[in-house]
Each structure stands twice: as structure tokens, then as C-alpha cells.
Amino acid sequence: GENVEQHPSTLSVQEGDSAVIKCTYSDSASNYFPWYKQELGKGPQLIIDIRSNVGEKKDQRIAVTLNKTAKHFSLHITETQPEDSAVYFCAASRSGGYQKVTFGIGTKLQVIP
Amino acid sequence: EADIYQTPRYLVIGTGKKITLECSQTMGHDKMYWYQQDPGMELHLIHYSYGVNSTEKGDLSSESTVSRIRTEHFPLTLESARPSHTSQYLCASSARDRDNQPQHFGDGTRLSIL
């Protein structure tokens, strides 16, 4: 089955700096890679996703890159703000059948004002 | 804006009680899921459903059961709660599609068994 490794588990950055979270996956058939943000007391919310036919996707201060050859993908947050503080989860899944989603263990991001 | 609702948000209850955690979604999604999560920690899939009358066990063994009688409703039941069931339970749904679709999560039920 799929295995998704995520690191770092915790990350502290100064407000305005960039934050990068990295994930690797094991199943070369995986073709969908969403990122979720979970704030305290809330459920995870999708912030950006990327499919395997694309190498990079950007949405304002958030970008995701995908390297299919190396089987890793990364979340980049630029100009971080205190409201970016949360736990971030990467995930991977493949098309067909149940389309099981495998999540990473999460990264706790703290943005220091 | 939540289109998937979980009740109750918090529940503190004694050992041996029967508990039902409710989950409803208004998006018409075929697929629904239950995850167990210690706050801010890894998500563990315990049950999922492809559609009405379809339920499957997930990766993490759980003593809970689920039912899917209506598309919009996916309740989780614990017949006899124990302290080891103390955790946060998250419900999610996604659309059925040839390509993968993102999951939409509720805000969870935080369960404490005394």
C-alpha cells in the first residue's frame, strides 16, 4: 500500500519568512496530492491540491510542487502570517476503485509575530 | 462554510454507555469517511462508505460500527463506550468521480469516556 512520509513534524518561522513542508510517497501510481490545513478545534480544510500531470501550482501565497520521478511533493508558504499557524497534512491517492487517501503525520507550523 | 455537520461537538460520558456520533452532509456526496484523531495528530481511517448500504472497515481497527441508510447521513455507534475510546472523531465526504476529489471534513466530535 501507499506510504506517505512528511517532515518536519514541527516548524517555527518568523512572520514574513517562508515555510516549506515536504512529503514523499511510495506508490508510483498515486496521481492526486492534496494539502489540508487544520486549525485548533476545526476539521482539516483543503488549501491546495495538485494532480500528477502538473509540476507546480500556485494560489496567492501558497504553492505546491511535485516531482514524480523522485516521488516527492512540497508545500511552500511565502510571507507567512500568524493566521498561517496550524497543522498541515499532505496526502496522496490514486484513481480507480476506492481511491484510498493516505495522509502524512502532519506538520505543526508556528508563525512567530 | 461547513456543508458537513457533526454532532455533538463535545461529549463526556461514562463507561458502558451506548453512543452515536452524527454526521450529515448537504453536498450529495456518495463517499463518506470516519477518522479517529488525537488532536493535531495523525488521521486514522476507521470506516468508509461508497454510497447507500455500503460500509467498509478502514485501516485502524475500531470497535465502532457505522450505517449508511441515506446518502447524506453516516452515523457512528459505540455499543459500550470505554476509556480507550477517548479521542476526536472526524467525519468527511467526497464526490464520486473518475478522478480523485478532495475530502470535505466536519469539525469533529471530541469524545471523553470517564
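All residue numbers refer to positions counted from 1 along the written sequence of the respective chain. The lettering of chains begins at A and the numbering of ligands begins at 1, in the order of writing. Reporting in this predicted model follows two pLDDT cut-offs: at least 70 for local features of residues, and 80 or more for side-chain atom pairs to be given and counted; totals over whole chains, interfaces and linings ignore these cut-offs and use all residues. Water and hydrogen atoms play no part in the side-chain values, which are based on all heavy atoms of the structure.

Student: Just give me the short version of the nonpolar core, but keep the residues and values in it.
Tutor: Here, nonpolar core refers to any group of buried Ala, Val, Leu, Ile, Met, Phe, Trp, Tyr and Cys residues whose side-chain atoms link them within 4.5 Å. Burial status follows relative accessibility: with a 1.4 Å probe on protein chains alone, a residue under 20% of its type maximum counts as buried, one over 50% as exposed, and anything between as partly exposed. Of all hydrophobic cores here, the largest spans 23 residues; its most connected members are Trp35, Phe73, Leu75 and Leu109 of chain A. Among the secondary structure elements, those contributing two or more residues to this core are β2 (10–14), β3 (19–25), β4 (32–38), β5 (45–51), β7 (62–67), β8 (72–77), β9 (86–93) and β11 (107–112) of chain A. We call two residues in contact whenever any of their non-hydrogen atoms come within 4.5 Å of each other. With sequence-adjacent residues up to four places away left out, phenylalanine 73 of chain A is seen in contact with Ile21, Lys22, Cys23, Tyr25, Phe33, Trp35, Thr65, Leu66, Cys90 and Ala91 of chain A. Listed in part, the 17 residues of the second largest apolar core include Leu21, Ile46, Cys91 and Leu111 of chain B. Numbering of helices and strands starts at the N terminus; helices are DSSP runs of H or I of at least 4 residues and strands are runs of E of at least 2.

Student: Give me the state of the cysteines: which residues, what numbers.
Tutor: Residues and elements named next belong to chain A. Cysteine sulfur pairs qualify as disulfides if the two atoms are within 2.5 Å. Enumeration over the complete set of coordinates arrives at two disulfides over all chains. The residue that forms a disulfide with cysteine 23 is cysteine 90, at a sulfur-sulfur distance of 2.0 Å. Disulfide cysteine 23 to cysteine 90: torsion about the S-S bond roughly -100 degrees, handedness left-handed. Of this pair, cysteine 23 sits in strand β3 while cysteine 90 is found in strand β9, placing the two residues 67 residues apart along the sequence. For the pair cysteine 23 and cysteine 90, one class covers both residues: buried.

Student: Outline the pairing of strand β3 (residues 19–25) of chain B, listing residues and values.
Tutor: Consecutive side chains along a regular strand alternate between the two faces of the sheet. Residue and element names in this part refer to chain B. Residue alternation in β3 divides its side chains into a buried set, Ile19, Leu21, Cys23 and Gln25, and an unburied set, Thr20, Glu22 and Ser24. When strand β1 (residues 4–7) meets β3, the two strands line up antiparallel, connected through four bridges. Bridge pairing links glutamine 6 to cysteine 23 in β3. Strand pairing follows a simple DSSP-based rule, namely that at least 2 bridges must link the two strands. Across three bridges, the pairing between β3 and strand β8 (residues 76–78) is antiparallel.

Student: With reference to specific residues and values, describe the interface of chain B and chain A.
Tutor: If you look at the interface, chain B gives 25 residues, while chain A gives 25 residues. Buried area: the accessible area, evaluated with a 1.4 Å probe, that two parts lose upon being put together, summed over both parts. At the boundary of chain B with chain A, total buried surface from both sides reaches about 2,000 Å², with 46% on carbon and sulfur atoms. Within this document, salt bridges are pairs made up of a side-chain nitrogen of Lys or Arg and a carboxyl oxygen of Asp or Glu, the two lying within 4 Å of each other. In this assembly, chain B and chain A are joined by zero salt bridges. Here a polar contact is taken to be a pair of N or O atoms separated by no more than 3.5 Å, where protein atoms must pair a possible hydrogen donor with a possible acceptor and residues adjacent in sequence count only if both atoms sit in side chains. Our enumeration of links across chain B and chain A arrives at eight residue pairs in polar contact (both at pLDDT 80 or more). When contributions to the side of chain B that touches chain A are tallied by element, the ones reaching two or more residues are β4 (31–37), β5 (44–49) and β9 (87–94) of chain B.

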